[in-house]
Amino acid sequence: MLTKDLLRYKIQKAQIYPQFIDPTNSELLRVAEQLIAVFETSPNESRATLLESSKHIIDSTQEAPIIKRGLEKLLLDRTEFDTAPNEELIAFRHKLFTATSRLLSQEQFEDYAAYQREVLQIMVGKSPMEQTELSAKLYADLPSSQPVLAFNTLSAERLLHRYNAAQVQGLLLHCNTVMLKLADSMTAELRQLFKYLRFNQLLSTIRKEGELYEITVDGPLNLFYKTKRYGMNLANFFIAVLHQPKWELTAEIQFRNKRRSRLSLDESCGIKPISQQFLAYIPEDIQLFQKMLQNKTDDWQVRPGSQFLPLAGDFYCFPDYQLVHKSGVETAIELFHPWHQGHLIARLNTLTEQKDVSLILGVSKELEKNSLIAEALEASAYFSQFGFTFRDVPTMRTLLPILNSLV
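Here the structure is a predicted model, which is why all the values come from computation and not from measurement.

The secondary structure content of the chain amounts to 15 helices and 16 strands. Residues counted as buried form 45% of the 407 residues belonging to the chain. Sequence-distant contacts, at least 24 apart, represent 69% of the contacts inside the chain between residues at least 6 apart. Here the chain displays about 21700 Å² of accessible surface, and carbon together with sulfur accounts for 49% of that area.

Take a look at the structure:
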């Protein structure tokens with residue numbers, strides 16, 4: 001992900017235009033190849049050594065520095081550093097600080113050099129140690145000294161496409177709303193896109209307009225709860241959009257103390273998919289939920305949501321889970337997380353008038369702290385029959401009674 005200082009864009013007449021690079025540009029490809037080569041040979045080197053080698057390429061090539069620093073940032077995101085606490089160094093520092101504290105309280109020194117010599121003597125015994133060696137060992141676990149464990153490499157061309165995608169992702173971190181239009185193809189790719197939407201716990205309203213699905217997704221600037229995490233989820237969701245054959249995205253972007261600008265993109269922007277389409281991927285929370293259900297009953301089977309539920313007013317719901325009873329009875333579960341306040345109220349209002357849908361609602365206990373939500377849940381006859389609350393994930397204690405009532 002690119003930080004705001006690495007984004008390249010222009011704003012003209014309230015329209016914002018990301019400044020994409022040409023993925024076929026030979027000079028940029030050469031720079032990308034050089035940077036990738038540095039990162040590929042970095043395992044076991046320190047972060048400082050890696051950044052020094054990368055800086056040499058950035059300083060010695062002719063392309064715009066902001067582009068090269070952006071490429072470097074994306075490669076750093078694919079690099080794993082050893083950030084685990086070093087117990088040996090922690091023990092060494094504890095011994096050093098204890099010894100120096102005792103020295104200062106018990107002895108007088110002529111000058112700082114004499115104090116240093118005494119400290120070194122205590123720490124190494126009869127083996128001599130230079131001050132520089134002591135300093136190096138004392139701070140060996142600072143970020144600059146962290147060794148590289150692994151690097152997830154990629155081709156130069158894919159890195160340039162990833163850079164263009166990151167320009168859009170960086171803008172989406174500062175958006176109020178995102179409007180996405182998709183063809184009603186009902187392909188596996190489209191269903192997977194809606195799974196990504198649910199997996200990332202994004203706020204969305206799904207509506208059918210003719211032959212198009214119109215998805216309105218709230219942006220992080222519309223929220224007051226964990227906006228950074230939500231913004232990252234929205235930015236990651238854009239990667240899934242790139243797998244769609246035909247799409248149109250409109251977003252309202254607003255940087256701090258700036259006027260709102262409009263971002264408009266479609267599949268003609270030229271960004272190729274930069275990740276694999278994991279059609280069979282099942283998130284960890286769903287795997288946990290499946291395991292909990294299997295431990296409690298063999299009567300129900302659960303799987304990730306994969307089908308739309310039509311609602312009143314040409315709206316649709318794409319549930320988190322779909323459950324099937326051994327008798328053939330089917331139902332679905334839609335979860336509402338702490339940032340889903342407005343959407344929960346809308347869903348309760350819709351279901352008040354709709355009786356022909358089998359949908360169980362799970363509501364985060366964090367939402368109950370809001371008096372408006374608490375009152376709405378208390379007043380909802382639908383929720384009293386087909387709703388439950390949860391903390392992190394649904395529990396069988398609250399869910400099974402509802403499931404059993406359906407059969």
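On we go from here.
All right, on to the packing of aromatic side chains then. For the structure shown, the criterion picks out five aromatic pairs. Measuring from ring centre to ring centre gives 5.1 Å for Tyr382 and Phe386, while their planes differ by 50°; the resulting arrangement is tilted. Here Tyr382 and its partner Phe386 are both found in helix H14 (residues 381-386), four residues apart, which amounts to about one turn of the helix. No difference in accessibility class separates Tyr382 from Phe386, as the two residues are buried. The aromatic ring of Phe255 is capped on one face by Lys4, whose charged end is 4.7 Å from the ring centroid. Its guanidinium or amino end placed over the ring of Phe81, Arg47 lies 3.7 Å from that ring's centre, counting from NZ or CZ.

Looking at chain direction, strand S5 (residues 175-183) and strand S8 (residues 247-253) are connected through six bridges and run antiparallel. Across the sheet, Val178 pairs through a bridge with Ala251, a residue of S8. Bridging between S5 and strand S7 (residues 212-218) involves seven bridges; their strand directions are antiparallel. Among the inter-strand pairings, Lys181 is bridged to a residue of S7, identified as Glu214.

Here the focus is helix H11 (residues 341-353). Turning to H11, its buried residues are His343, Leu344, Arg347, Leu348, Thr350 and Leu351. Projection of H11 onto a plane perpendicular to its axis shows the buried side chains occupying an angular sector of 165°, all on one side. In this structure, H11 carries Gly342 and Glu353 as exposed residues pointing more than 90 degrees from its buried face.

One non-glycine residue, Lys13, lies in the positive phi region at around 50°. Relative to the elements of secondary structure, Lys13 occurs in the loop between strand S1 (9-12) and strand S2 (15-18). Phi at Asn44 takes a positive value of approximately 80°, unusual for a residue other than glycine. Inspection of the secondary structure assignment puts Asn44 in the loop between helix H1 (26-40) and helix H2 (47-60). Among the residues examined, Asn44 registers a relative accessible area of 74% and is labelled exposed.

Time to look at the nonpolar core. Counting 66 residues, the largest nonpolar core has Leu180, Phe194, Phe237, Phe238, Trp247 and Leu263 as the members making the most contacts within it. The element that contributes the greatest number of residues to this core is helix H7 (residues 156-172), accounting for nine residues. In this structure, this core is formed jointly by two domains, domain 2 (173-274) and domain 3 (284-405), each of which donates at least three residues. Counting 34 residues, the second-largest nonpolar core is a separate cluster that includes Tyr321, Ala332, Leu344 and Phe383.

Right, let's get into the sheet that holds strand S13 (residues 321-325). Ordered in space as S10-S13-S14-S15-S16, the five strands form an open sheet in which the pairing is mixed. Each end of this open sheet is capped by a strand with a single partner; those strands are strand S10 (300-304) and strand S16 (387-390). When the angles between neighbouring strand axes are averaged without regard to direction, this sheet yields 25°. Where S10 and S13 come together, five bridges link them in antiparallel fashion. Looking at the pairing, Pro304 lines up with Tyr321 of S13. Set on the sheet, helix H15 (residues 396-405) makes contact with S10, S13, strand S14 (330-336), strand S15 (359-364) and S16; between it and S16 the angle comes to about 165°.

Before going further, it helps to examine the side chain of Gln15. By secondary structure assignment, the location of Gln15 is in strand S2. Looking at Gln15, the relative accessible area reads 18%, which means it is buried. Within the structure, Gln15 has its side chain in polar contact with the side chain of Ser264 (distance 3.0 Å). With residues up to four places along the chain from it excluded, the contact list for Gln15 reads Lys10, Arg262, Leu263 and Ser264.

Moving on: the side chain of Glu72. One can find Glu72 in helix H3 (residues 65-77). An unpaired buried charge is present at Glu72: no salt bridge exists, and Arg69, the closest side chain of opposite charge, is 6.8 Å distant. Beyond its immediate chain neighbours, meaning those up to four positions away, Glu72 contacts Leu35, Phe39, Leu51, Ser54, Lys55 and Ile58.

This part covers the environment of Ala165. Along the chain, Ala165 falls in helix H7. Along the backbone, Ala165 and Lys272 are 107 residues apart, and their C-alpha atoms lie at a distance of 8.5 Å. Aside from chain neighbours lying at most four places away, what touches Ala165 is Phe238, Ile239, Leu242, Ile271 and Ile274.

A separate point is the packing of H2 against H3. With their axes 10 Å apart at the nearest point, H2 and H3 run at an angle of 150° to one another. One way to sum up the angle between H2 and H3 is to call them roughly antiparallel. The chirality of how H2 crosses H3 is right-handed. Contact with H2, carried on its side by Leu50, Leu51, Ser54, Lys55 and Ile58, involves Lys68, Arg69, Glu72 and Leu76 of H3 and no other residues of that element. Taken together, the residues of the contact of H2 with H3 break down into four nonpolar, one polar and four charged.

Reading the values: rules and limits
- Residues numbered from 1 in each chain as written.
- Predicted model: local features only at pLDDT ≥ 70, side-chain atom pairs only at ≥ 80, totals over all residues.
- Heavy atoms only, no water.
- Helix = DSSP H or I, 4+ residues; strand = E, 2+ residues; numbered from the N terminus.
- Buried < 20%, exposed > 50% of the residue type's maximum accessible area, 1.4 Å probe, protein only.
- Contact = heavy atoms within 4.5 Å.
- Areas by Shrake-Rupley, 256 points an atom, 1.4 Å probe, with all protein chains shown as cover.
- Phe/Tyr/Trp six-rings, centres within 6.5 Å; stacked < 30°, edge-to-face > 60°.
- Lys NZ or Arg CZ within 6 Å of the ring centre and 35° of its normal.
- Pairing = 2+ DSSP bridges.
- Arc of directions from axis to C-beta.
- Core = buried A, V, L, I, M, F, W, Y, C linked by side-chain atoms within 4.5 Å.
- Domains from an automatic or database assignment.
- Axes fitted to C-alpha atoms, helices over the stretch in contact; angles between N-to-C directions.
- Polar contact = N/O pair within 3.5 Å; in protein donor to acceptor, adjacent residues only side chain to side chain.
- Lys, Arg positive; Asp, Glu negative; His and termini not counted.
- Salt bridge = Lys/Arg side-chain N within 4 Å of Asp/Glu carboxyl O.
- Parallel < 35°, antiparallel > 145°, perpendicular 65-115°, else oblique.
- Left-handed = near helix turned anticlockwise from the far one by under 90°.
- Nonpolar A, V, L, I, M, F, W, Y, C, P; charged D, E, K, R; others polar.

On their own, these measurements won't tell you what the molecule is for.
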